[in-house]
Amino acid sequence: QAQLVESGGGLVQAGGSLRLSCAGAGSIVGIHVMGWFRQAPGNERELVATTTTGGDVVYADSIKGRFTINRDSAETMSLQMNSLKPEDTAVYYCYVRSWLYGRDYWGQGTQVTVSA
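Residues numbered from 1 in each chain as written. Predicted model: local features only at pLDDT ≥ 70, side-chain atom pairs only at ≥ 80, totals over all residues. Heavy atoms only, no water.

Caption draft 1: Main features of the packing of aromatic side chains. Evaluation of the coordinates by the stated rule reveals three aromatic pairs. Relative to Tyr95, the ring of Phe37 has its centre 4.6 Å away and its plane inclined at 65°; by these criteria the two rings are edge-to-face. Of this pair, Phe37 sits in strand S4 (residues 31-39) while Tyr95 is found in strand S9 (residues 90-98), placing the two residues 58 residues apart along the sequence. Taken individually, Phe37 and Tyr95 each receive the classification buried, so the pair is uniform in this respect. Each member of the aromatic cluster is reached from another via a ring pair, and the members are Phe37, Tyr95 and Trp106. Against the face of Phe37 rests Arg45, its NZ or CZ located 5.7 Å from the ring centre. (Phe/Tyr/Trp six-rings, centres within 6.5 Å; stacked < 30°, edge-to-face > 60°. Helix = DSSP H or I, 4+ residues; strand = E, 2+ residues; numbered from the N terminus. Buried < 20%, exposed > 50% of the residue type's maximum accessible area, 1.4 Å probe, protein only. Lys NZ or Arg CZ within 6 Å of the ring centre and 35° of its normal.)

Here it is, written out as structure tokens:
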């Protein structure tokens, strides 16, 4: 069964950088959308960035200009996070949507903590 696994989370000071990676996309057939969500304590899960096979890229206003999503290979995708702020602190989730059976795939999440 397809399994998405995030890595790269951790502690970083405000203004620093971090790169998150997601592995496992290579086993998924018919990828339509891939990207990242995050959930901070007390908040709903929110979209961070998505990209489609058609080339459309969407960034949340809160991170636009600071984060960059990239499909590094058939197997992996990444999220480059620069100029990190304390409000970026959250659990970050990798996800993939496939047009085959309209199926969604989620990673287990990785914690990102940004100190002031």
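Still to come is the rest of the account.
Caption draft 2: Focus on unusual backbone geometry. Its identity as a non-glycine residue notwithstanding, Ser83 has a phi of 50°, on the positive side. In this structure, Ser83 sits in the loop between strand S8 (76-81) and S9. With a relative accessible area of 41%, Ser83 lands in the partly exposed category. With phi around 70°, Tyr101 is a residue other than glycine that occupies positive phi space. Examined against the element boundaries, Tyr101 turns out to sit in the loop between S9 and strand S10 (103-106).

Caption draft 3: Structural context of the sheet that holds S8. Strand order in the open sheet formed by four strands is S1-S3-S8-S7, with antiparallel pairing between adjacent strands. A strand with exactly one partner marks an edge of an open sheet, and here the two such strands are strand S1 (5-7) and strand S7 (67-71). Averaged over neighbouring strand pairs, the angle between their axes works out to 15° when direction is ignored. (Pairing = 2+ DSSP bridges. Axes fitted to C-alpha atoms, helices over the stretch in contact; angles between N-to-C directions.)

Caption draft 4: Looking closely at the nonpolar core. Counting 28 residues, the largest nonpolar core has Trp36, Leu79 and Tyr92 as its most contacted members. Elements with a contribution of two residues or more to this core: strand S3 (18-23), S4, strand S5 (46-52), S7, S8, S9 and strand S11 (110-115). In terms of residue count, S9 provides more of this core than any other element does, four residues in total. (Core = buried A, V, L, I, M, F, W, Y, C linked by side-chain atoms within 4.5 Å.)

Caption draft 5: Representation of the pattern of salt bridges within the structure. Under the definition given, this model contains five salt bridges. In this structure, Arg38 engages Glu46 in a salt bridge whose closest nitrogen and oxygen atoms are separated by 2.7 Å. Its relative accessible area of 5% is what places Arg38 among the buried residues. Close ionic contact of Asp61 with Lys64 constitutes a salt bridge, the shortest N to O distance being 3.6 Å. Residues participating in the shared-partner salt-bridge network are Arg38, Glu46, Arg66 and Asp88. (Salt bridge = Lys/Arg side-chain N within 4 Å of Asp/Glu carboxyl O.)

No statement about biological role is implied by the geometric values presented.
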